Amino acid sequence: MNFVAKCFLLLPRRLALKLGILLGILAFYILRRRRKLALDNFNQALGKEYSPTEQKKIIKKVFINLGLTFVEFLRFAEITKENLSEFVTFHGKENVDCVYAEKKGVLALTAHMGNWELLAASISLSGINSGMLVKSAHQKFFDDFLTQQRTSKNLDLVSGKNSVKLIFKLLKAGTLLGVVIDQHGVGRDSVVVPFFGRPASTLKGLAILSERTGCPVIPIYTYRDENLHHHVVFDPPIQHIGNSPESRTLQYNQWLESVIRQHPEQWMWTHNRWKTTPASS
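How each quantity is defined
Residues numbered from 1 in each chain as written. Predicted model: local features only at pLDDT ≥ 70, side-chain atom pairs only at ≥ 80, totals over all residues. Heavy atoms only, no water. Axes fitted to C-alpha atoms, helices over the stretch in contact; angles between N-to-C directions. Helix = DSSP H or I, 4+ residues; strand = E, 2+ residues; numbered from the N terminus. Parallel < 35°, antiparallel > 145°, perpendicular 65-115°, else oblique. Left-handed = near helix turned anticlockwise from the far one by under 90°. Contact = heavy atoms within 4.5 Å. Nonpolar A, V, L, I, M, F, W, Y, C, P; charged D, E, K, R; others polar. Phe/Tyr/Trp six-rings, centres within 6.5 Å; stacked < 30°, edge-to-face > 60°. Lys NZ or Arg CZ within 6 Å of the ring centre and 35° of its normal. Buried < 20%, exposed > 50% of the residue type's maximum accessible area, 1.4 Å probe, protein only. Lys, Arg positive; Asp, Glu negative; His and termini not counted. Salt bridge = Lys/Arg side-chain N within 4 Å of Asp/Glu carboxyl O. Polar contact = N/O pair within 3.5 Å; in protein donor to acceptor, adjacent residues only side chain to side chain. Patch = residues over 30% accessible without salt bridge, like charges linked within 9 Å, V, L, I, M, F, W, Y side chains within 5 Å. Areas by Shrake-Rupley, 256 points an atom, 1.4 Å probe, with all protein chains shown as cover. Expected span 1.5 Å × (residues − 1). Arc of directions from axis to C-beta. Pairing = 2+ DSSP bridges.

Visitor: Honestly, the packing of helix 2 (residues 13-30) against helix 4 (residues 52-74) in this entry has me stumped. Any pointers?
Guide: Two packed helices can be described by the angle between their axes and the distance between those axes. Relative to each other, helix 2 and helix 4 sit at 135°, their axes nearing to 7 Å. Considering the angle they form, helix 2 stands oblique to helix 4. The handedness of the crossing between helix 2 and helix 4 comes out as right-handed. Contact residues: R13, A16, L17, G20, I21, L23, G24, I25, A27, F28 and Y29 in helix 2; K56, I59, K60, F63, I64, G67, L68, F70, V71 and E72 in helix 4. In terms of residue class, the contact of helix 2 with helix 4 is made up of 14 nonpolar, three polar and four charged.

Here it is, written out as structure tokens:
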């Protein structure tokens, strides 16, 4: 992977991004099962709002976004704190700055939207001590590359057996900790709450952490515009209306729905989000 990354870094940025678009288009036509899954997911969630032709166009753009995200991740080395503004524009950053300045831990609710890897990296490069909850990739060589790219932007990665201790340590130190909840949750780690009107097993860790630590939950997402420039949006902290994992997680899903409706072509519809197996209580 390092060799591939070096090759893409040698290319002019515009050419590299064109190759990312091409990779996405090829994936759209070659990965038929993923394409069908994405179209089925989109149709059941937002099908009433778009014609079949529009749905297909949007899902094609989803694959293009993934292709671009992959290439941009390979080229992470070109992004530094000095040139960050060339790649990213922040919106509403004061929503997190005021909390961070008090050395309070921040729980960042985010999703696989736009280039989510760049989202985490850009916040860290902006001067905010940042970490993220991560899952290990199945292939060790790819997992090692993911870790290398992420830590190169001074991100603290949380995973594995000692994750709970590390989470509390980071939050106590005032770190912003990113948590992604838009993928299928398994067993006791999840609750079943509606997502686009359908029962969805959703990870409840963020809800539990917010209740136990009292740290604010600030929703953050990113999207790319027509010029392939990235925008990172910091929404105001979530005002929880209940203390149960179910009520808080439902609020998180409702926020996520609103963001996806704004940029449906940039969310990862290719994931099997609505598996029918309910979470264990």
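Visitor: Explain the environment of N272 here, please?
Guide: Looking at the secondary structure, you find N272 in the segment after helix 11 (245-262). Residues in contact with N272, not counting those within four places in the same chain, are R34, L37 and H184.

Visitor: Just to check I follow, could you spell out the packing of aromatic side chains for this structure?
Guide: The geometry of an aromatic ring pair comes down to the distance between the two centres and the angle between the two planes. Under the defined criterion, the tally for this structure stands at 14 aromatic pairs. Positioned above the aromatic ring of F28 is the side chain of R35, whose terminal nitrogen or guanidinium carbon lies 5.5 Å from the ring centre. Taking the ring centre of F90 as reference, the NZ or CZ of K93 above it sits at 5.9 Å.

Visitor: What is the right way to look at the side chain of R273 in this model?
Guide: For R273, the location among the structural elements is in the segment after helix 11. Summary of buried charges: R273 has no salt-bridge partner, and the nearest side chain of opposite charge, D182, is 6.4 Å away. Polar contacts involving the side chain of R273 include one to the main-chain carbonyl oxygen of S201, which spans 3.0 Å. A polar contact is formed between the side chain of R273 and the side chain of T202, at a distance of 2.8 Å. Those residues in contact with R273, other than ones at most four positions away along the chain, are N41, I181, D182, Q183, H184, F195, A200, S201, T202, N253 and W267.

Visitor: I'm lost on a nonpolar patch on the surface in this one. Help?
Guide: A cluster of nonpolar residues, L15, L19, L22, L26, Y29, I30 and L31, forms a patch on the protein surface that exposes about 630 Å² of accessible area. Mapping L19 onto the fold places it in helix 2. Classification of L19 as partly exposed rests on a relative accessible area of 32%.

Visitor: Quick question: what am I supposed to make of helix 2 here?
Guide: Structural remark: α-helix, 3.6 residues per turn; residues separated by three or four positions point the same way. A rise of 1.5 Å per residue sets the reference length of helix 2, with its 18 residues, at 26 Å; its end C-alpha atoms lie 25 Å apart and thus fit the reference within 8%. Listing the buried residues of helix 2 in full gives A16, L17, G20, G24 and F28. One face of helix 2 carries all of its buried residues, which in axial projection span an arc of 130°. Structural note: helix 2 exposes R14, K18 and I30 on the side pointing more than 90 degrees away from its buried face. Here the buried face of helix 2 lies against helix 1 (2-10), helix 3 (32-46) and helix 4.

Visitor: Help me understand the pairing of strand 2 (residues 106-110) in this model?
Guide: Both faces of the sheet carry side chains from a regular strand, because those side chains alternate between them. Of all the five residues making up strand 2, five are buried; the element is thus mostly covered by neighbouring parts of the structure. Relative to strand 8 (residues 217-224), strand 2 runs parallel, the two sharing three bridges. Residue pairing for strand 8: L109 is matched across the bridge by P219.

Visitor: Explain the packing of helix 10 (residues 205-213) against helix 11 to me, please; I cannot follow it from the model alone.
Guide: Closest axis-to-axis distance for the helix 10/helix 11 pair is 8 Å, and the angle between their directions is 115°. Considered as vectors, helix 10 and helix 11 are oriented roughly perpendicular to each other. Note on packing geometry: the crossing formed by helix 10 with helix 11 is right-handed. Contacts between helix 10 and helix 11 involve L206, A207, I208, S210 and E211 from the former and P245, R248, T249 and Y252 from the latter. Here the residues of the contact of helix 10 with helix 11 sort into five nonpolar, two polar and two charged.

Visitor: Would you explain the pattern of salt bridges in this entry?
Guide: Between side chains of opposite charge, pairing is possible as soon as their charged atoms come close. Taken as a whole, this structure holds nine salt bridges when the rule is applied. Where R13 meets E78, a salt bridge forms, and the shortest distance between an N and an O atom there is 3.0 Å. Of this pair, R13 sits in helix 2 while E78 sits in the loop between helix 4 and helix 5 (84-87), and the two are 65 residues apart along the sequence. We note a salt bridge from R75 to E78, for which the minimum N-O separation is 2.9 Å. The pair formed by R75 and E78 is uniform in burial state, with each residue classed as buried. It is possible to trace a salt-bridge network through shared partners that takes in R13, R75 and E78.

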